[in-house]
Amino acid sequence: MAQLELLRDQRCFGGSQRRYRHHSGQLNCSMLLGVFLPPAALAGERVPAVYWLSGLTCTDENASQKAGAQRRAAELGLALVMPDTSPRGPEVPSDPDGGWDFGHGAGFYVDATEAPWSHHYRMHSYVVQELPELLEAALPLSERRSLCGHSMGGHGALVAVLRHPGRYCAVSAFAPIAHPCACGWGQKAFGHLLGPDPSTWQAWDATALLRSGARAIGPDQTAPLPILVDQGLADPFLDDQLHPEALAEAAAAAGQPLQLRRQQGYDHSYFCIASFIADHLQHHARALRC
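This section reports on the structure supplied with the text.

Conventions adopted
- Residues numbered from 1 in each chain as written.
- Predicted model: local features only at pLDDT ≥ 70, side-chain atom pairs only at ≥ 80, totals over all residues.
- Heavy atoms only, no water.
- Helix = DSSP H or I, 4+ residues; strand = E, 2+ residues; numbered from the N terminus.
- Expected span 1.5 Å × (residues − 1).
- Buried < 20%, exposed > 50% of the residue type's maximum accessible area, 1.4 Å probe, protein only.
- Polar contact = N/O pair within 3.5 Å; in protein donor to acceptor, adjacent residues only side chain to side chain.
- Contact = heavy atoms within 4.5 Å.
- Bend = angle between axes of the 7 residues up to and from the residue.
- Salt bridge = Lys/Arg side-chain N within 4 Å of Asp/Glu carboxyl O.
- Pairing = 2+ DSSP bridges.

Over its 12 residues, helix H5 (residues 152-163) extends 16 Å from the first C-alpha to the last, a length consistent with the 16 Å expected when each residue adds 1.5 Å. Along H5, 11 of the 12 residues are buried, which leaves the element largely enclosed by surrounding structure. Those residues of H5 lying buried are Met 152, Gly 153, Gly 154, His 155, Gly 156, Ala 157, Leu 158, Val 159, Ala 160, Val 161 and Leu 162.

When you line up the elements, Arg 18 lands in strand E2 (residues 15-24). Of the polar contacts made by the side chain of Arg 18, one reaches the side chain of Tyr 20; its length is 3.0 Å. Other than its neighbours up to four places away in sequence, Arg 18 contacts Leu 6, Arg 8, Asp 9, Leu 33, Gly 34, Val 35, Leu 37, Leu 42 and Leu 139.

The next subject is unusual backbone geometry. The amide bond that connects Ala 115 to the next residue, Pro 116, takes the cis arrangement and shows omega of 0°. By the element assignment, Pro 116 lies in the loop between strand E5 (79-83) and helix H4 (123-138). Phi at Thr 57 takes a positive value of approximately 75°, unusual for a residue other than glycine. When you line up the elements, Thr 57 lands in the loop between strand E4 (47-53) and helix H2 (61-66). Located in the positive-phi region is Phe 108, a residue other than glycine, with phi close to 65°.

Bringing H4 into the picture now. When the local axis directions of H4 are compared, the greatest deviation, roughly 35°, occurs at Leu 131, which is followed within four positions by the proline Pro 132. Summarising burial for H4: 12 of the 16 residues are buried, a large majority. Considered for burial, the residues of H4 that qualify are Met 123, His 124, Ser 125, Tyr 126, Val 127, Val 128, Glu 130, Leu 131, Pro 132, Leu 134, Leu 135 and Glu 136. The elements touched by buried residues of H4 are E2, strand E3 (29-37), E4, E5, strand E6 (141-150) and H5.

Applying the stated criterion across every chain, the model contains 14 salt bridges. We note a salt bridge from Arg 21 to Glu 5, for which the minimum N-O separation is 3.1 Å. Of this pair, Arg 21 sits in strand E2 while Glu 5 is found in strand E1 (residues 5-12), placing the two residues 16 residues apart along the sequence. Judged by relative accessible area, Arg 21 falls into the partly exposed class, the value being 32%. For Glu 5, a relative accessible area of 38% puts it in the partly exposed group. Residues joined in a network through salt bridges with shared partners are Arg 8, Arg 19, Asp 60 and Glu 61.

Once that is clear, we can look at the environment of His 104. Within the element layout of this structure, His 104 appears in the loop between E5 and H4. In the structure, His 104 is positioned 153 residues away from Pro 257 in sequence and 34 Å away in space, judged by C-alpha atoms. Setting aside anything within four residues of it in sequence, one finds His 104 in contact with Ser 86, Pro 87, Arg 88, Gly 89, Val 92, Pro 93, Ser 94 and Tyr 121. At 2.9 Å, the side chain of His 104 and the backbone oxygen of Val 92 are in polar contact.

Alternating residues of strand E7 (residues 171-174) divide into Val 171 and Ala 173 and Ser 172 and Phe 174, and every residue in both groups is buried. By the bridge criterion, four bridges tie E6 to E7 in an arrangement that is parallel. Bridge pairing links Gly 149 to Ala 173 in E7. Relative to strand E8 (residues 227-232), E7 runs parallel, the two being bridged by four bridges. Bridge pairing in E8 links Val 171 to Ile 227.

Structure (C-alpha cells):
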C-alpha cells in the first residue's frame, strides 16, 4: 500500500490540519490532499470522516483555507478529507486547447474510458476506493464516511453516493453540476473522458441516475438518505451549467428525499459555502455519529 508523506501539520481548533502527499495507483501520479483531524482523533478515538470534493480549478487547499469548516468539525468530532480535484504532473495530459474547464483541476470525478485520459483520470475510483482504504489504515478514521462537494465536486459527491448504495452515511452539495449531460462543462469533459456517445455519459450524471432508478442508500440498506443541496440564486452559472431543478424533478419522481435550499443573494463562491457549511456538517454528523 502507498505511504502517506506528511508535508505540514498545523494546530487548528484543538485538532490538526494536515497536508499529505502519496502516490496513487488509480491515477498513476503523485497526489496531494488535506486532512483535518478533530481533537477526538488526536486523543486516540477513531472518528468518522466527511470527504469534501472541490470544484473546477480548485486544489486540495481551497476548502481547508476558505470553507471555515474546521471549528464545527472539531466540535462535532468529524474528520475532513479534502483531496485534489484531478491528477496532476508533467506526465498527466490536460486540455489540449489550454482551457480552464478541463484537465488539470477539472477531473470531474469519473473513471475515464478514452485514451489518453484513461491512464490517469480515474478520480471516481480514487475518491471512492483508494483514498478511504489508504486513510482508514493510516489514520484514526472509522469506516463511517460521507460525501460533500461544491460545483463539479457536488456532481462527484452525488454520483458516488448514487452509484454505491450502502457505502456512505450522508451526502450534501453546494451548487452541484446536477445534470452534466445537459451543460457545456459536462459535455466537454464527458466527450473527452468517456467518448462521443452521450448514452455512455448517463452513468455519471446524478439526474440521469435518479431517472434510471438509482437511490442514495445508507449502510442500513433501508430508506434513501436525505440529500441536502444549497444553491445561491445569484450564482452566475445557475441557469446554464447547474440545473438544480432537473435534479429536484428527478428526485421527486424517484421518491428520493432532497432538500434544495435556494439562497437569495448568494453566488458560486466560498463565501456561500462558509455561510452554510455548519448546517451541512450538522447534517452529516446526525448520520455519522449515530
